[in-house]
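# Fold and contact review
Letter by letter, the chains look like this.
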Amino acid sequence: MPTFNLTSLTPAMFILAGIPGMEKLHIWISVPFCSMYLAALLGNGVVLFVIRTERSLHQPMYLFLSMLAIADLMLSTTTVPKMLALFWFGAGEISFGACLTQMFFLHFTFSAESVILLAMALDRFVAICNPLRYAAVMTPAAILNTGLVALLRSFCIIFPCIFLLKRLPFCGHHVIPHTYCEHMGVARLACADISINVLYGLAVPFAAIVVDVVLIAVSYTLILLALLRLPSRTACHKAFNTCGSHLCVISLFYIPAFFTVLTHRFGQEIPHHVHILLANLYVLFPPLLNPVVYGVRTQQIKNKVVKVLVCPKSHWLRE
């Protein structure tokens, strides 16, 4: 039985309930979830390995792709192992500190990945709309600073959520109807006014993501206008192909995210277990599909993957 600190009313332990109403199906649900997680680990690991070992891929676009792969690994690894432990062994107990840690890294990674996608859009904008200045703008220092900005902005946005939760009393409520800890899921267990949590949790992170989406849309609008002015259809097709993978990844990241947020806020008629399933799939689909998208649509990565995996001996001899 969870114990409580009577002075602070902070629970020593939370209980993750899994997917309410589908407890008998947890084992069966874990099979595709585990398969997708292992495939995501393999896919992103291969992308990181290929970019790390192939000097010809040490370019801004692929370095940003490395950041995206690391963020995808963090996004899924923050939640899926605990989720599988819950499904397989009924290990739903999670300490208050571990719950806040999981919540922080979940939202932190989501915010950081949004910044990385914005940086990738700006990279394509400079490469297509101002190619003569590309080498001067997209320097190693600029790429490093972009990574630092992603970390710093995400930290500044998400870190206050920890204090917004730690100030709340919980009065014995400790069962979270979810497979992982997230800000509002924990806040709703409090026996106090959580209007500040609702306002901050919706307004601040949502506003930051919306700004990223608007800037990405502006970048691609300018890119499209630049492509339409190209005299050669071949050059236009080639330039558009370089953006196609990124547009697919953007769609995989933002569309499910906004759909999940909107259904969670306004879809009261949607069954609760559907909300939970969508939230679980969201932390699995982008990490699973992003390497596939880039591996299939980006010829350079496809060629290097084939070279490294099919002819590893000659590759290492050359290295």
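Keep in mind that this is a model prediction, so the values were computed, not measured.

## Describing helix 7 (residues 195–228)
For helix 7, built from 34 residues, the straight-helix expectation of 50 Å at 1.5 Å per residue is met to within 8% by its first-to-last C-alpha distance of 48 Å. For helix 7, the full list of buried residues reads N197, Y200, P205, A208, I209, D212, I216, S219, Y220, I223, A226 and L227.

## Observations concerning the sheet that holds strand 1 (residues 13–16)
Taken together, the three strands give an open sheet; going across it, the order is 2-1-3, and neighbouring strands pair in mixed fashion. Edge positions in the sheet fall to strand 2 (93–95) and strand 3 (175–176), since each of these pairs with one other strand and no more. As paired strands, strand 1 and strand 2 are joined by three bridges and run antiparallel to one another. In the strand pairing of strand 2, I15 is matched with E93. Packed on one face of the sheet, helix 3 (residues 96–129) meets strand 1, strand 2 and strand 3 and runs near 85° to strand 2.

## Quick look at the state of the cysteines
Scanning the entire structure with this criterion turns up two disulfides. A disulfide bridge connects C171 with C191, and the sulfur atoms are separated by 1.7 Å. The sign of the S-S torsion, about 60°, decides the handedness of the disulfide formed by C171 and C191: right-handed. With C171 in the loop between helix 5 (140–166) and strand 3 and C191 in the loop between helix 6 (183–187) and helix 7, this pair connects stretches of sequence that are 20 residues apart. Between C243, a free cysteine, and C129, which holds the nearest cysteine sulfur, the sulfur-to-sulfur gap is 8.7 Å. By relative accessible area, which is 1% here, C243 ends up buried.

## Focus on the confidence of the model for the protein chain
Here the protein chain averages 86 in pLDDT, while 90% of its residues score no lower than 70. In the model, residues 1–7 has pLDDT below 50 throughout and makes nine contacts with residues more than four positions away in sequence or in other chains.

## Notes on a nonpolar patch on the surface
There is a patch of nonpolar side chains on the surface, built from L202, F206, V210, V214, V218, L222, L224, L225 and L228 and spanning about 730 Å² of accessible area. Relative to the helices and strands, L228 is located in helix 7. For L228, a relative accessible area of 63% puts it in the exposed group.

Rules of the game
- Residues numbered from 1 in each chain as written.
- Predicted model: local features only at pLDDT ≥ 70, side-chain atom pairs only at ≥ 80, totals over all residues.
- Heavy atoms only, no water.
- Helix = DSSP H or I, 4+ residues; strand = E, 2+ residues; numbered from the N terminus.
- Expected span 1.5 Å × (residues − 1).
- Buried < 20%, exposed > 50% of the residue type's maximum accessible area, 1.4 Å probe, protein only.
- Pairing = 2+ DSSP bridges.
- Contact = heavy atoms within 4.5 Å.
- Axes fitted to C-alpha atoms, helices over the stretch in contact; angles between N-to-C directions.
- Disulfide = S-S within 2.5 Å.
- pLDDT = per-residue confidence, 0-100.
- Patch = residues over 30% accessible without salt bridge, like charges linked within 9 Å, V, L, I, M, F, W, Y side chains within 5 Å.
- Areas by Shrake-Rupley, 256 points an atom, 1.4 Å probe, with all protein chains shown as cover.
- Salt bridge = Lys/Arg side-chain N within 4 Å of Asp/Glu carboxyl O.

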